[in-house]
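Structure at a glance
Letter by letter, the chains look like this.
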Amino acid sequence: AYFSGLEVKAAMIPLSALGGSRPPGPDAGGDGAGPGMVPMSSLSSGAPSAKAPGTAPAAPAASEAAAPQGETGPTPEQPPESTEQVAEVGKVGKEALDPLMPIVIPNQGEDSRPVPKQVQCLENGTDLFKMFEVDMNKFDASQTRKAYHKMATFVHPDKLGREATDADRARFTKLKQAYTVLMDEQLRAVYRQHCFGIAGTGGCPPQGHDAALGKALEMARELRKMGEERALVLYKAAEVGWSEVQKDQDGRAMRGDGRKLAHKFNIFQDISSEDDDGELDKERRGLTVEQILERSPKYADKFLDKVKPLLVEPKVSKSAAGGAFTMLEEPKLMDLLNESAKTVQRHVRKCRTALKQMNWAMTSLLAHKDSPWRGLEVKGSLAEHGCVKLLELMKSGMAVGKFSEVHEEEFAKLVDNLHRLYMDIFERRGQELLKAAIQAELNVIYLLPESGGRLPDGSRVLLQDLVARADLNGKAGKIASWDFALQRYTVEIEKEEKKKETEAPANPDMFGLGDVEEDEEDDTEKNQIELAVPKKLMVLPKNVLVDLGTPKKALDSLVKDWNVWRKRPRSVSASQDAEAVAAALGPPLESMANFLQDAAQAVATGSATGRDGAELIADDTRQALSNARNLAAKLLGEEPQEPPKAPPLNEPAPALVPFQGETVSQALKEAAEVAQASIELNKDKKEKKRSRSRKRRRKRSSSSSSSGKKKRKK
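Parameters at a glance
- Residues numbered from 1 in each chain as written.
- Predicted model: local features only at pLDDT ≥ 70, side-chain atom pairs only at ≥ 80, totals over all residues.
- Heavy atoms only, no water.
- Helix = DSSP H or I, 4+ residues; strand = E, 2+ residues; numbered from the N terminus.
- Buried < 20%, exposed > 50% of the residue type's maximum accessible area, 1.4 Å probe, protein only.
- Contact = heavy atoms within 4.5 Å.
- Areas by Shrake-Rupley, 256 points an atom, 1.4 Å probe, with all protein chains shown as cover.
- Disulfide = S-S within 2.5 Å.
- Expected span 1.5 Å × (residues − 1).
- Arc of directions from axis to C-beta.
- Pairing = 2+ DSSP bridges.
- Axes fitted to C-alpha atoms, helices over the stretch in contact; angles between N-to-C directions.
- pLDDT = per-residue confidence, 0-100.
- Left-handed = near helix turned anticlockwise from the far one by under 90°.
- Nonpolar A, V, L, I, M, F, W, Y, C, P; charged D, E, K, R; others polar.

1. Some remarks on the overall build of the protein
Check the secondary structure of the protein and you find 16 helices and seven strands. Out of the 714 residues belonging to the protein, those deemed buried represent 33%. Contacts spanning at least 24 positions in sequence make up 68% of the contacts within the protein whose residues lie at least 6 apart. A total accessible area of about 45000 Å² is found for the protein, and carbon and sulfur atoms account for 51% of it.

In structure tokens form, the structure reads like this:
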């Protein structure tokens, strides 16, 4: 019961040499190998001994009969207990079987249990393709996986319902061995070639299941050894580089720094995050600054969700009252890396993706006055850099199966940066939601009946009770302006986007010109009807019905975000009393959730029941939003302020701005008096000029008349 691919001279390996449940002693082999495992000495290039010390009497007889005459193998020395690592990291050969080594299922004798029919194929030489019921020419990985899990229910030690024996463990390892060979493309090709043979020149005859499986396992062990050597080289290269820099006598680099670090090769594809980068680029493509600002809360919530599993890990923090957590002074990061390296890697990758998206939003809104990321740019960059560096270092540690102090140190730095950033974003997100609760009152109360004014510009309304244009009843629009003189709204009617209906032709067998003309006439009629709908329309207040669907959606989203935020774990320092903090913050946060929930339910009722329902829920909505506003202002440390009045129906009188300060008013008064005095002086001067000119005219006229009389007398 061994593979023909192994070069051995003995026709049979004693069961004691393969290991079993019996301890080494006079009745069992003393090779020190694990149960059901071939000793390392029998897999070497040299011929193993045909006789093992301490074997049963029947086994040496069979070996001696099968060995050539005149040849007797030397008695091998008793090897020490093997502590070499096998397939499962952290376990040694004494504790687990290596699925890449030949496995023999030991015989339990009279105590043996019947083998289930579904897994008898593991022992009767059935080829792997029939074992997993897959086509050799059209391999189906999903079918193979299903068959593996189905058979594992009969041989898995944890699913037997009893204590597993050595035969059970060996049978399960043999199933894993077959599954490993069949799921790997290279190993599957080698197995198929040697099991069924290849015709023609350069081919090979069929050798059967055992020989083919031995060849595939031999190749798998070689690939594993090559992978371990390559991992060691990469780990060394990550520390010192691939080549040393040549320097001249003055210490200058002769050929430049030509070192190529390990992360530039991207050998470990399972650690790469190129898919995440592609999704991020696709999402952010074409976004404007306003859209980025609108999506910033979503990026913050995503970061808080992704970093939470790392911070609440029992080896990193301890739980506190009220769902909070307290960071440990000395976290057990090395134990966390050794026990669940894959889990840590997955969480760090998710944190890196969220940080990359968040840092991109920070950079895009760097010059925006309403950026919610103000002051977090440096912390975000440090956290992202720490994630990238730790992922690069974890490649070597996961490949070798051992982590060093360097990994622990970088992991500790990353956890500290993530914790600081988590606390800042958590607090800012709570403040944003409280401010949104205050703003929600302003977005709703002016839309309710009896608000004491008109509807604000931009409100979405539905047209109703139009007599002259009854075809416009039920159409939606937005209020553009209010005419104070006519007391009417100007409504911009929304253009309805109708899906193009693909109607079947009137005569599908004879689709002629007549059908085309009829379709064109129908299209022109539809276009005429659409063109008849005006872009703007002036209507009375009674002809508009407020659409409460938009504030309803906003309130529902606010309630959802608030409940998610208050249920997130809060970081509490070791010096703080977690129970006191929970008792102080728990009731107010829950009351805020209740106020917002009441307002959202009332607005939803008004939206569903129309104008009459809006009148019924107006007072309840105002009261709930007022309570939410007062509580939010108290939590923010501000004085609650009443909302301003609704926009007026009549045009307000121009405001008179009084002069502030006596000195300014006195100076203006004196300037006005001086100006008045100068005006009076100018008037007097003009009058004096006019009087003198009149006297002169009179003198001239009198002199001219007297001279004329004298001439006549003469």
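Still more to cover.
2. Describing the state of the cysteines
Under the defined criterion, the tally for this structure stands at zero disulfides. Between cysteine 351, a free cysteine, and cysteine 387, which holds the nearest cysteine sulfur, the sulfur-to-sulfur gap is 5.6 Å. Assessed through its relative accessible area of 0%, cysteine 351 is described here as buried.

3. Some thoughts on helix α5 (residues 185–196)
Between its terminal C-alpha atoms α5 stretches 16 Å, which fits the 16 Å expected from 12 residues at 1.5 Å a residue. Within the sequence span of α5, burial applies to Leu187, Arg188, Val190, Tyr191, His194 and Cys195. With its buried residues spanning 160 degrees around the axis, α5 presents them on a single face. In the segment just after α5, glycine 197 is the residue with positive phi, at about 80 degrees.

4. Considering the sheet that holds strand β3 (residues 460–463)
Pairing is antiparallel across the open sheet formed by five strands, whose spatial order is β6-β5-β4-β3-β7. Among the strands making up the open sheet, the edge pair consists of β6 (536–539) and β7 (544–546). Looking at each pair of strands side by side, their axes are set apart by 45 degrees on average, direction ignored.

5. Digging into unusual backbone geometry
With the exception of glycine, most residues fall at negative phi, and the peptide bonds are largely trans. Positive phi is not limited to glycine here, since glutamate 133 has a value of about 55 degrees. Considering the arrangement of structural elements, one finds glutamate 133 in the loop between α2 (128–131) and α3 (141–155). Overall, glutamate 133 belongs to the exposed group, its relative accessible area being 62%. One non-glycine residue, glutamine 487, lies in the positive phi region at around 55 degrees. Here glutamine 487 shows up in the loop between β4 (476–483) and β5 (488–493).

6. Details of the environment of glutamate 427
Relative to the assigned elements, glutamate 427 resides in helix α12 (residues 405–444). A C-alpha to C-alpha distance of 9.3 Å links glutamate 427 and arginine 570, two positions 143 residues apart in sequence.

7. Comments concerning helix α14 (residues 549–566)
Spacing of three or four residues puts side chains on the same side of an α-helix, whose turn is 3.6 residues. Over its 18 residues, α14 runs 26 Å from end to end, which matches the ideal 26 Å to within 8%, given 1.5 Å per residue. Residues Gly549, Pro551, Leu555, Leu558, Val559, Trp562 and Trp565 constitute the buried set of α14.

8. Considerations on the confidence of the model for the protein
For the protein, per-residue confidence averages 76 on the pLDDT scale, and 69% of positions sit at 70 or higher. This model gives residues 1–95 a pLDDT under 50, and the stretch forms 119 contacts once residues within four places in sequence are excluded. Throughout residues 502–516 the model reports pLDDT below 50, and contacts reaching past four residues in sequence, or to other chains, amount to five contacts.

9. Quick look at the packing of α12 against helix α15 (residues 578–636)
As a packed pair, α12 and α15 sit with axes 9 Å apart at the nearest point and diverge in direction by 140 degrees. Of the two elements, α12 crosses α15, and the hand of that crossing is left-handed. Residues Gln431, Leu434, Lys435, Ala437, Ile438, Ala440, Glu441 and Val444 of α12 form the contact with α15, whose participating residues are Met592, Leu596, Val603, Thr621, Leu625, Ser626, Arg629, Ala632, Ala633, Leu635 and Leu636. Partitioned by chemical class, the residues of the contact of α12 with α15 number 13 nonpolar, three polar and three charged.

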